[in-house]
Amino acid sequence: MAKFIIMGKYTAKGLGGFVSNPNTDRKAATTALCESVGAKLKGYAGLRGEYDFMVEVEGTFDQASASGMIAVSSGAVTDFSVHEVVDLNTIAKIANKTASRYKEPGK
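The paragraphs below set out a description of the structure included in this document. Model, not experiment: these values are computed from the prediction.

Basis of the calculations
- Residues numbered from 1 in each chain as written.
- Predicted model: local features only at pLDDT ≥ 70, side-chain atom pairs only at ≥ 80, totals over all residues.
- Heavy atoms only, no water.
- Helix = DSSP H or I, 4+ residues; strand = E, 2+ residues; numbered from the N terminus.
- Contact = heavy atoms within 4.5 Å.
- Pairing = 2+ DSSP bridges.
- 1 Å grid on protein atoms, 1.4 Å probe; cavity = no way out; pocket = protein on both sides within 12 Å on 5 of 7 lines; lining within 4 Å.
- Points joined across faces, edges and corners; volume = space filled by probe spheres on them.
- Nonpolar A, V, L, I, M, F, W, Y, C, P; charged D, E, K, R; others polar.

1. With respect to the environment of Val85
Link 1 in the chain: Here Val85 is to be found in the loop between strand E4 (77-84) and helix H4 (88-98).
Link 2 in the chain: Between the C-alpha atoms of Val85 and Gln63, which are 22 residues apart in sequence, the distance is 15 Å.
Link 3 in the chain: Residue contacts for Val85: discarding those within four places in its chain leaves Lys3, Phe4 and Ile5.

Next up, the structure:
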(Lines give C-alpha, C1' and ligand atoms only; values in the text may rest on other atoms or scores of the structure.)
Protein backbone atom coordinates (compact mmCIF):
# COMPACT_ATOMS: atom_id res chain seq x y z
CA MET A 1 0.00 0.00 0.00
CA ALA A 2 1.12 3.53 -0.74
CA LYS A 3 1.48 6.13 1.99
CA PHE A 4 0.08 9.64 1.74
CA ILE A 5 0.42 12.77 3.82
CA ILE A 6 -2.76 14.82 3.75
CA MET A 7 -2.82 18.41 4.89
CA GLY A 8 -5.76 20.74 5.26
CA LYS A 9 -7.29 23.72 6.95
CA TYR A 10 -10.47 24.03 8.96
CA THR A 11 -13.08 26.51 7.79
CA ALA A 12 -14.92 28.85 10.15
CA LYS A 13 -17.56 26.11 10.40
CA GLY A 14 -14.92 23.52 11.36
CA LEU A 15 -13.28 25.76 13.94
CA GLY A 16 -16.71 26.59 15.33
CA GLY A 17 -17.17 22.89 15.99
CA PHE A 18 -14.04 22.91 18.15
CA VAL A 19 -15.26 25.96 20.06
CA SER A 20 -18.65 24.31 20.66
CA ASN A 21 -17.00 21.04 21.71
CA PRO A 22 -13.33 21.49 22.67
CA ASN A 23 -13.08 17.76 23.48
CA THR A 24 -13.93 16.66 19.94
CA ASP A 25 -11.79 13.69 18.89
CA ARG A 26 -10.74 14.40 15.32
CA LYS A 27 -8.39 11.41 15.25
CA ALA A 28 -11.31 9.04 15.89
CA ALA A 29 -13.45 10.79 13.28
CA THR A 30 -10.60 10.72 10.76
CA THR A 31 -9.95 7.04 11.47
CA ALA A 32 -13.61 6.26 10.74
CA LEU A 33 -13.49 8.35 7.55
CA CYS A 34 -10.36 6.56 6.29
CA GLU A 35 -11.82 3.15 7.07
CA SER A 36 -15.05 4.04 5.25
CA VAL A 37 -13.10 4.47 1.99
CA GLY A 38 -10.90 1.40 2.57
CA ALA A 39 -7.76 3.23 3.74
CA LYS A 40 -5.93 3.04 7.07
CA LEU A 41 -5.07 6.00 9.29
CA LYS A 42 -1.43 5.85 10.39
CA GLY A 43 -1.23 9.23 12.13
CA TYR A 44 -3.08 12.48 12.84
CA ALA A 45 -1.73 15.75 14.19
CA GLY A 46 -2.98 19.28 14.65
CA LEU A 47 -0.50 21.82 13.32
CA ARG A 48 0.60 25.36 13.98
CA GLY A 49 1.33 27.18 10.74
CA GLU A 50 -0.17 27.33 7.27
CA TYR A 51 -2.18 24.13 7.72
CA ASP A 52 -4.37 23.11 10.66
CA PHE A 53 -3.92 19.35 10.46
CA MET A 54 -1.83 16.56 8.97
CA VAL A 55 -3.00 13.01 8.38
CA GLU A 56 -0.87 10.04 7.37
CA VAL A 57 -2.87 7.46 5.41
CA GLU A 58 -2.05 4.08 3.93
CA GLY A 59 -4.07 3.10 0.87
CA THR A 60 -4.53 4.21 -2.71
CA PHE A 61 -4.50 7.73 -4.10
CA ASP A 62 -8.19 7.36 -4.95
CA GLN A 63 -9.01 6.38 -1.36
CA ALA A 64 -7.04 9.32 0.05
CA SER A 65 -8.70 11.69 -2.40
CA ALA A 66 -12.17 10.31 -1.66
CA SER A 67 -11.69 11.01 2.04
CA GLY A 68 -10.78 14.58 1.10
CA MET A 69 -13.83 14.92 -1.10
CA ILE A 70 -16.02 13.87 1.82
CA ALA A 71 -14.30 16.21 4.30
CA VAL A 72 -14.36 19.22 1.98
CA SER A 73 -17.98 18.64 0.97
CA SER A 74 -18.95 18.82 4.67
CA GLY A 75 -17.97 22.48 4.67
CA ALA A 76 -15.67 22.00 7.69
CA VAL A 77 -12.40 21.59 5.75
CA THR A 78 -10.66 23.48 2.95
CA ASP A 79 -7.29 23.51 1.18
CA PHE A 80 -7.12 19.71 1.33
CA SER A 81 -3.94 18.45 -0.33
CA VAL A 82 -2.73 14.88 -0.83
CA HIS A 83 1.02 14.19 -1.02
CA GLU A 84 2.42 10.76 -1.82
CA VAL A 85 5.35 9.55 0.26
CA VAL A 86 8.23 8.65 -2.07
CA ASP A 87 11.78 7.34 -1.82
CA LEU A 88 13.94 10.24 -3.03
CA ASN A 89 17.02 8.01 -3.33
CA THR A 90 15.24 5.71 -5.77
CA ILE A 91 14.09 8.70 -7.81
CA ALA A 92 17.61 10.17 -7.79
CA LYS A 93 19.07 6.86 -9.04
CA ILE A 94 16.68 6.87 -12.00
CA ALA A 95 17.48 10.53 -12.71
CA ASN A 96 21.21 9.85 -12.44
CA LYS A 97 21.01 7.16 -15.13
CA THR A 98 19.33 9.45 -17.65
CA ALA A 99 20.43 12.98 -16.76
CA SER A 100 23.18 13.11 -19.40
CA ARG A 101 20.58 12.51 -22.16
CA TYR A 102 18.48 15.55 -21.23
CA LYS A 103 18.67 18.49 -23.62
CA GLU A 104 17.70 21.79 -22.04
CA PRO A 105 15.56 24.26 -24.02
CA GLY A 106 17.54 25.99 -26.76
CA LYS A 107 20.12 23.20 -27.10
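2. What about the pairing of strand E2 (residues 40-46)?
Link 1 in the chain: Sheet analysis places E2 next to strand E3 (residues 53-59), joined by six bridges and oriented antiparallel. Paired with Tyr44 across the strands is Val55, a residue of E3.
Link 2 in the chain: As consecutive antiparallel partners, E2 and E3 are separated by six residues, and within that stretch Gly49 has a phi angle of approximately 140°, a positive value.

3. Quick word on the layout of surface pockets
Link 1 in the chain: As a volume, the largest pocket reaches approximately 330 Å³.
Link 2 in the chain: Lining the largest pocket are 23 residues, and of these Tyr10, Arg26, Thr30, Ala71 and Val77 sit closest to its centre.
Link 3 in the chain: Looking at the lining of the largest pocket, the elements that each hand over two or more residues are strand E1 (2-10), helix H1 (12-20), helix H2 (26-36), E3, helix H3 (61-73) and E4.
Link 4 in the chain: Among the residues making up the lining of the largest pocket, the classes are represented as 14 nonpolar, eight polar and one charged.

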